[in-house]
Amino acid sequence: MSAYADTGVEADAEADAEADVEAEVEVDTDTGADRGTGGGAGSGTPVPVLSYSPVVLSVPGRPVDLRVRVSAPATGTDLPVILLSHGHGGSNHLSSLHGYAPLADFWAARGFVVLQPTHLSSRMLSDVLAGAPGGPFFWRSRAEDMSHILNRLDVIEAAVPQLAGRVDHGKVAVAGHSLGGFTAGLLLGARVTDPDSGEVVDLAEPRIKAGVLLAAPGRGGDALNGPMAKGIPFFKVVDFSTMSTPALVVAGDKDDSRHFTDMGPDWHADPYTLAPGPKTLLTLFDAEHGLGGIAGYDVAETTDENPARVAAVGRLTAAYLRTRFHPGDDAWREAQDALTGGAEPWGRVESK
C-alpha cells in the first residue's frame, strides 16, 4: 500500500497534526535478496514506513517552490538521511518526488529518512518552465536543491508528523540515478565546466558524508560521441578527480548508452575509475539502465524488470551506507557475502 498526504503544507508553517498520513507497510515478497542482517538502519529487518508529501520550501530566486517527499521509518531515533535525486526519464511522474518508490520504500523501512525533491528538470514542470534559464536539465539547480534541503532540514523535520527529534543531522548521504547520479557526483566533489561561461563549478556539499551513484554518466571529452551528446554539453567537461567523498558506484554490465558514447557499459563505471578513493564499484550482472526497475513499480520504461534485482540493489546500497555511518558494522560485508558470492551472484564488488 502506498499512501501519502498531498496536503501542500508549507514547511515554514506548523504541520497539521490532523493530516492524513498513513503507515506504508512493506510486503515481503520473499525473493531471498533481502535477508540476513540485523535491525537498524540499513538492515534486512523492515519496519512500517511513514511517507509525507509534499513539504514545500520557498527558495528565493527559484522559479517555483521546492517540493519534497519525506519517507521515514515509523519507529527509531538517530535516523540517517538519504537525499535521493531522480533521473530524467521519459515518464511524467517518475522524474519527481513521486518516483523511485522501490528504493525509497526499501531504505525508509530499514531505518533511513529519505528526502526526494522534484528538481526543475522534472517533466511535471516542463510546461511551467519552458524556456527558463538553465533548462531543460537545470544541472546546477539540481545540486543546489539538495543544499537548500539541508539548510532547512530542521524545518522539514518539524513539518512531518511523528518525525521531530528523530533525525541525525550529522549522518547525510546522497543517492541519484542516471542524471540524478550526475547530481550526486557534483555534491560529492566532482566539478564541471559551465559550457556557457567557461567557469569551473564546484558544488561539493561538505555536510554529505557518503554517496551512491546509480547508473550515473561517465567521462566527457572524446568519449561523449553519441548522437545525443551535443544536447547535454555539461557532460563533456566533468572532472571526477575531485570527487573525494566516499561513494558506492553501481553500474549494470548491460547498460550500453550508445546515445551518449560508444564506450559501452564501462562508461558508467567512470565515477569509480576516475575518482580518488575511498570508492567501491558494484557491477550488476545482466542489469541495464533501470537496474531492474528502481525508478518505479511496473513502469514501462524499465527494460530489464527484475524485482529480485531491485531488492538486491536496495539491500546492498543500504548496507553500504549503514557501514559508512557506523564503521565496524558488518552489514556491508554480510550483504556482499549473501548477494555477490555463491553460485548465483547478483554482481561483483571491487574497492579502492
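Above this note sits the structure.
Criteria and thresholds
Residues numbered from 1 in each chain as written. Predicted model: local features only at pLDDT ≥ 70, side-chain atom pairs only at ≥ 80, totals over all residues. Heavy atoms only, no water. Core = buried A, V, L, I, M, F, W, Y, C linked by side-chain atoms within 4.5 Å. Buried < 20%, exposed > 50% of the residue type's maximum accessible area, 1.4 Å probe, protein only. Helix = DSSP H or I, 4+ residues; strand = E, 2+ residues; numbered from the N terminus. Contact = heavy atoms within 4.5 Å. Phe/Tyr/Trp six-rings, centres within 6.5 Å; stacked < 30°, edge-to-face > 60°. Lys NZ or Arg CZ within 6 Å of the ring centre and 35° of its normal. Pairing = 2+ DSSP bridges. Axes fitted to C-alpha atoms, helices over the stretch in contact; angles between N-to-C directions. Parallel < 35°, antiparallel > 145°, perpendicular 65-115°, else oblique. Left-handed = near helix turned anticlockwise from the far one by under 90°. Nonpolar A, V, L, I, M, F, W, Y, C, P; charged D, E, K, R; others polar. Arc of directions from axis to C-beta. Lys, Arg positive; Asp, Glu negative; His and termini not counted. Salt bridge = Lys/Arg side-chain N within 4 Å of Asp/Glu carboxyl O. Polar contact = N/O pair within 3.5 Å; in protein donor to acceptor, adjacent residues only side chain to side chain.

*Asks:* Kindly report on the nonpolar core, identifying the contributing residues and their values.
*Replies:* Of all hydrophobic cores here, the largest spans 52 residues; its most connected members are V70, L83, V113, L115, I149, F182 and F234. For this core, the elements supplying multiple residues, two or more each, are β2 (49–57), β3 (66–73), β4 (79–85), β5 (113–117), α2 (139–151), α3 (153–159), β6 (167–177) and α4 (179–187). I149 has contacts with L57, L66, V68, L83, L115, P117 and I156, leaving out every residue within four places of it along the chain. If you look at the next biggest cluster of nonpolar residues, it comprises 41 residues, including L84, L284, L321 and L339.

*Asks:* Before we move on, could you go through the packing of aromatic side chains and cite the residues and values that matter?
*Replies:* Going through the model one piece at a time under the given rule, you end up with eight aromatic pairs. These aromatic residues form a ring-pair network of at least three members: F137, W139, F182, F234, F235, F260 and W267. The ring of F106 has R110 sitting right over it, with the charged end atom 3.6 Å from the ring centre. Between the NZ or CZ atom of K352 and the centre of the ring of Y272, over which it lies, the distance is 4.9 Å.

*Asks:* Mind laying out the sheet that holds strand β10 (residues 238–239), listing which residues take part and the relevant values?
*Replies:* One open sheet holds the three strands; their spatial order is β8-β7-β10, and the pairing between them is antiparallel. The outermost strands of the open sheet, each flanked by one partner alone, are β8 (200–202) and β10.

*Asks:* Describe the environment of F234, naming the residues involved and giving the relevant values.
*Replies:* Counting through the fold element by element, F234 comes out in the loop between β9 (210–214) and β10. It is 5.9 Å that separates the C-alpha atoms of F234 and P195, two residues lying 39 residues apart in sequence. Each residue touching F234, except ones within four places of it in the same chain, is listed here: F137, W139, L179, F182, V192 and P195.

*Asks:* Describe the packing of helix α6 (residues 307–325) against helix α7 (residues 331–339), naming the residues involved and giving the relevant values.
*Replies:* It is at 7 Å that the axes of α6 and α7 come closest, and there the two elements cross at 155°. Viewed along their axes, α6 and α7 adopt a mutual orientation that is roughly antiparallel. For the element pair α6 and α7, the recorded crossing hand is left-handed. On α7, the residues touching A312, R315, L316, A319, Y320, R322 and T323 of α6 are A331, W332, E334, A335, Q336, A338 and L339. Residues that form the contact of α6 with α7 fall into these classes: nine nonpolar, two polar and three charged.

*Asks:* Describe α7, naming the residues involved and giving the relevant values.
*Replies:* Taken together, the buried positions of α7 are occupied by A331, W332, A335 and L339. Mapping the buried residues of α7 onto a view down its axis gives an arc of 95°, with all of them on the same face. Those residues of α7 that are buried are in contact with β11 (247–252), β12 (279–284), α6 and β13 (347–351).

*Asks:* Before we move on, could you go through the side chain of E157 and cite the residues and values that matter?
*Replies:* In this structure, E157 sits in helix α3. Despite its burial, E157 pairs with no opposite charge, the nearest such side chain being R166 at 7.7 Å. Only 3.4 Å separates the side chain of E157 from the backbone nitrogen of V167, close enough to count as a polar contact. Excluding residues that lie within four positions of it along the chain, E157 makes contacts with L163, A164, G165, R166, V167 and H169.

*Asks:* An account of unusual backbone geometry is requested, with residue identities and associated values reported.
*Replies:* Of note, the amide linkage connecting S53 to P54 takes the cis form, showing an omega dihedral of -10°. The residue P54 is located in strand β2 in this model. For the bond from G277 to P278, the omega torsion is 0°, close enough to zero to count as cis. Positioned with a positive phi, L291 is a non-glycine residue whose angle comes to about 50°. For L291, the position within the fold is in the loop between β12 and α6.

So far we have only geometry, and geometry alone does not tell us how the molecule works.
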